[in-house]
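# Commentary on secondary and tertiary structure
Spelled out from the first residue to the last, the chains are:
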Amino acid sequence: MNALLQARQAYSAASAPTRTPRNMEYEVLSRITHRMHSAAKQGRAGFGTLVEALHENNRLWGVLAANVAEGENALPPDLRARLFYLAEFTQVHTSKVLRREASPRPLLEINTAVLRGLRQGGARE
């Protein structure tokens, strides 16, 4: 193995982007949103995949709700309240989608808006 290859291997980890909590939130929410969108586009044929993606989305919003409800959370109180409300809305609306009484579109719009906020706040640094 030559010296150049050894140097590349030794320093490749140092050049990898730093994964911040915000980056990780962005990646997880983006992945789930993409899965929901792809499944929704398939209509009835994608309902099983949509159910799985909705379950993941509900779990993520449950974690977000628990985090913003903690007293030590550093986010501004108004933002925490809005995120908690969105988590509640997501849970209720997901139930309607699962009963085929509503479209997943509002859930996709919420996730997309949050992704924009994370990106503007430095998620893709």
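Residues numbered from 1 in each chain as written. Predicted model: local features only at pLDDT ≥ 70, side-chain atom pairs only at ≥ 80, totals over all residues. Heavy atoms only, no water.

Naming follows an unreviewed UniProt entry, where the protein chain appears as Flagellar biosynthesis regulator FlaF of Ruegeria pomeroyi.

## Overview of the packing of aromatic side chains
Ring pairs (aromatic) are described by centroid distance and by the angle formed between their planes. Evaluation of the coordinates by the stated rule reveals 0 aromatic pairs. For the cation-ring pair, R100 lies above F47, with the distance from its terminal atom to the ring centre recorded as 3.7 Å. (Phe/Tyr/Trp six-rings, centres within 6.5 Å; stacked < 30°, edge-to-face > 60°. Lys NZ or Arg CZ within 6 Å of the ring centre and 35° of its normal.)

## What to know about helix α2 (residues 21–41)
With 21 residues, α2 ought to run about 30 Å at 1.5 Å a step, and its terminal C-alpha atoms sit 30 Å apart, in line with that. The set of residues buried in α2 consists of N23, Y26, L29, I32, T33, M36 and A39. G43, located one to two residues past α2, shows a positive phi value of around 65°. (Helix = DSSP H or I, 4+ residues; strand = E, 2+ residues; numbered from the N terminus. Expected span 1.5 Å × (residues − 1). Buried < 20%, exposed > 50% of the residue type's maximum accessible area, 1.4 Å probe, protein only.)

## Points about unusual backbone geometry
Residues other than glycine seldom take positive phi values, yet R100 does so here, at roughly 60°. For R100, a relative accessible area of 47% gives the class partly exposed.

## Section: the layout of surface pockets
Within this model, the largest pocket holds a volume of roughly 580 Å³. Lining the largest pocket are 19 residues, and of these E25, L75, L83, V114 and L118 sit closest to its centre. Those elements that place two or more of their residues in the lining of the largest pocket are α2, α3 (47–69), α4 (77–98) and α5 (105–123). Residues belonging to the lining of the largest pocket are distributed by class as follows: 13 nonpolar, 3 polar and 3 charged. Considered as a void within the structure, the second largest pocket measures approximately 160 Å³ in volume. Lining the second largest pocket we find A39, A40, G43, R44, F47, L50, V97, R100, A102 and P104. Residue assignment for the lining of the second largest pocket shows that the elements contributing at least two residues are α2 and α3. Split by residue class, the lining of the second largest pocket holds 7 nonpolar, 1 polar and 2 charged. (1 Å grid on protein atoms, 1.4 Å probe; cavity = no way out; pocket = protein on both sides within 12 Å on 5 of 7 lines; lining within 4 Å. Points joined across faces, edges and corners; volume = space filled by probe spheres on them. Nonpolar A, V, L, I, M, F, W, Y, C, P; charged D, E, K, R; others polar.)

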